[in-house]
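Observations on chain architecture
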Amino acid sequence: MKATRIIFSMFMLFTIMVIVNACSENDLELVNPNGLSPETFFKTEAQVQSAVNAAYANLQTRGLYSRHMFFSQDNMSHENDGNPQLEADKRQYLDFSFDSSHGPIADYWESCYRGINKANFVIGNEELINEIEESIMSNATKQKFIGEAKFLRALYNFLLVTRFGDIPLITEIPTTTEGIAKSSASEVYALIISDLQSASSSLFNKSDEDNGRATKGAAIALLGKVYLFLGEHSLALTEFNKLSGYALEPNYFDNFTEETEHGVESIFEIEYDDALGAGAK
């Protein structure tokens, strides 16, 4: 019986040694070829579009157009007033008593930078996108999607710089947890202008694009607005004169109803879909 146990123990020891020696650290870090990763992504048009769609999604957060954008803009401009039920953090907009601990403003900041991060993911992989075969994805479509990412990065940066002034200017996905120093507002505006100029040259016209996606007209109009904020009125007029195919709604109220959305006066809309639930793109 003892001999049997010794032989069995020696056999188990030999087996364990074989298994250990057969293992390699490299074998433990194999990448699933069927899984998604930055190295295996951007191979199809559907993948590129899904990455761009993700950059739109942050416009629909509570920090931006799903809720707090309207409270902050309308209350601080005093285009409206609060009723007795107005929550304290919304009332702070009316008298400008908020500080860095204000939750909705932190949500605004975070939503913009998450959107910038997603846009940078697309822009930073421009080379991979352009390597997709023409038979899979046309060059015009590739440039259009890259243009959408640049438009969105410009829009998020515009929302930040007009609210905070000097801000961290992030053009690549951060690889460390270290903070990023602020850049001057002029540097931020320079990137916004560059992104919009590039986007306007590659985006599709409104008539050729799906509702809710950035268009050539949207990029041109936002660039004109940026110039207005910078006091460059002649440059703004030059951009606005490039716009065509738009007009004022005969009935102004049609700008605000679901049945008449995407009308002739609409340049860019944040798209929601009731069928997909709140905040769905």
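Residues numbered from 1 in each chain as written. Predicted model: local features only at pLDDT ≥ 70, side-chain atom pairs only at ≥ 80, totals over all residues. Heavy atoms only, no water.

Helix and strand counts for the protein chain come out as 10 helices and 2 strands. For the protein chain, the α and β elements follow one another from N to C terminus as α-α-α-α-α-α-α-β-β-α-α-α. Counting over 281 residues, the protein chain shows a buried share of 35%. When contacts within the protein chain are restricted to residue pairs at least 6 apart in sequence, long-range pairs at least 24 apart make up 59% of them. Working note: accessible area of the protein chain is about 16,700 Å², and carbon and sulfur atoms make up 55% of it. (Helix = DSSP H or I, 4+ residues; strand = E, 2+ residues; numbered from the N terminus. Buried < 20%, exposed > 50% of the residue type's maximum accessible area, 1.4 Å probe, protein only. Contact = heavy atoms within 4.5 Å. Areas by Shrake-Rupley, 256 points an atom, 1.4 Å probe, with all protein chains shown as cover.)

What follows covers the packing of aromatic side chains. Aromatic rings considered in pairs are described by the distance between their centres and by the relative angle of their planes. Across all of its chains, the model carries 13 aromatic pairs by this definition. Look at F42 and F121: their rings are 5.1 Å apart centre to centre, the planes differ by 40°, and that puts the pair in the tilted class. Pair noted here: F42 is in the loop between helix 1 (2–22) and helix 2 (45–57) and F121 is in helix 5 (residues 103–123), with a separation of 79 residues, a long-range link. An angle of 55° between the planes, with centres 5.0 Å apart, marks the rings of W109 and Y113 as tilted. With a gap of 4 residues between them, W109 and Y113 both fall in helix 5, about one helical turn apart. Taking the relative accessible area as the measure of exposure, Y113 reaches 11% and is therefore buried. Here a set of aromatic residues connected by ring pairs shows up, and it is made of Y108, W109, Y113 and F164. (Phe/Tyr/Trp six-rings, centres within 6.5 Å; stacked < 30°, edge-to-face > 60°.)

We now examine unusual backbone geometry. Most peptide bonds are trans, and most residues other than glycine sit at a negative phi. The backbone phi angle of H78 is positive, close to 60°, even though this residue is not glycine. Its place among the elements puts H78 in the loop between helix 3 (68–77) and helix 4 (88–95). Its relative accessible area of 47% is what places H78 among the partly exposed residues.

In this model helix 2 runs 19 Å from its N-terminal to its C-terminal C-alpha over 13 residues, within 8% of the 18 Å that 1.5 Å per residue would give. Buried residues along helix 2 sit against helix 5, helix 6 (126–130) and helix 7 (139–164). (Expected span 1.5 Å × (residues − 1).)

Bringing the packing of helix 9 (residues 216–229) against helix 10 (residues 233–240) into the picture now. Direction vectors running N to C along helix 9 and helix 10 enclose 165°, while the axes themselves pass 8 Å from each other. One finds that helix 9 runs roughly antiparallel with respect to helix 10. The chirality of how helix 9 crosses helix 10 is left-handed. In contact with I220, A221, L223, G224, K225, Y227 and L228 of helix 9, helix 10 contributes H233, L235, A236, E239 and F240. (Axes fitted to C-alpha atoms, helices over the stretch in contact; angles between N-to-C directions. Parallel < 35°, antiparallel > 145°, perpendicular 65-115°, else oblique. Left-handed = near helix turned anticlockwise from the far one by under 90°.)

Along the chain, N120 falls in helix 5. The buried category is assigned to N120, whose relative accessible area is 3%. With sequence-adjacent residues up to four places away left out, N120 is seen in contact with R153, I170, T171, E172 and I173.

With that out of the way, let us pick up the nonpolar core. If you look at the biggest cluster of nonpolar residues, it comprises 49 residues, and the most contacted ones within it are L64, F151, I192, L196 and V226. Of all the elements in the fold, those that place two or more residues in this core are helix 2, helix 5, helix 7, helix 8 (185–202) and helix 9. Top contributing element to this core by residue count: helix 7, with 12 residues. Contacts of L196, omitting those with residues within four sequence positions, involve F151, A154, A219, L222, L223 and V226. (Core = buried A, V, L, I, M, F, W, Y, C linked by side-chain atoms within 4.5 Å.)

What follows covers the packing of helix 2 against helix 5. At a minimum axis distance of 8 Å, the contact between helix 2 and helix 5 shows a crossing angle of 160°. The angle between helix 2 and helix 5 falls in the class roughly antiparallel. Seen along the crossing, helix 2 lies across helix 5 with a hand that is left-handed. Within the contact between the two elements, helix 2 uses A51, V52, A54 and A55 and helix 5 uses G115, K118, A119, F121 and V122. Residues of the contact of helix 2 with helix 5, tallied by class, amount to 7 nonpolar, 1 polar and 1 charged. (Nonpolar A, V, L, I, M, F, W, Y, C, P; charged D, E, K, R; others polar.)

Residue placement: P104 occurs in helix 5. On the basis of relative accessibility, which here comes to 6%, the residue P104 falls in the buried class. A C-alpha to C-alpha distance of 8.1 Å links P104 and R62, two positions 42 residues apart in sequence.

A contiguous nonpolar surface patch, about 400 Å² in accessible area, is contributed by Y252, F253 and F256. Tracing the backbone shows F253 in the segment after helix 10. Its relative accessible area of 54% is what places F253 among the exposed residues. (Patch = residues over 30% accessible without salt bridge, like charges linked within 9 Å, V, L, I, M, F, W, Y side chains within 5 Å. Salt bridge = Lys/Arg side-chain N within 4 Å of Asp/Glu carboxyl O.)

For the structure on display, the rule yields 9 salt bridges. Close ionic contact of R213 with E148 constitutes a salt bridge, the shortest N to O distance being 3.0 Å. Pair noted here: R213 is in the loop between helix 8 and helix 9 and E148 is in helix 7, with a separation of 65 residues, a long-range link. One exposure class covers both R213 and E148, and it is buried. Measuring nitrogen to oxygen at the nearest pair gives 2.8 Å for the salt bridge that ties R153 to D195. Residue R153 is located in helix 7, and its partner D195 is located in helix 8; the two are separated by 42 residues in the primary sequence. The burial state of R153 is the same as that of D195; both residues are buried. Salt bridges sharing common partners tie together R67, E87, D89 and K90.

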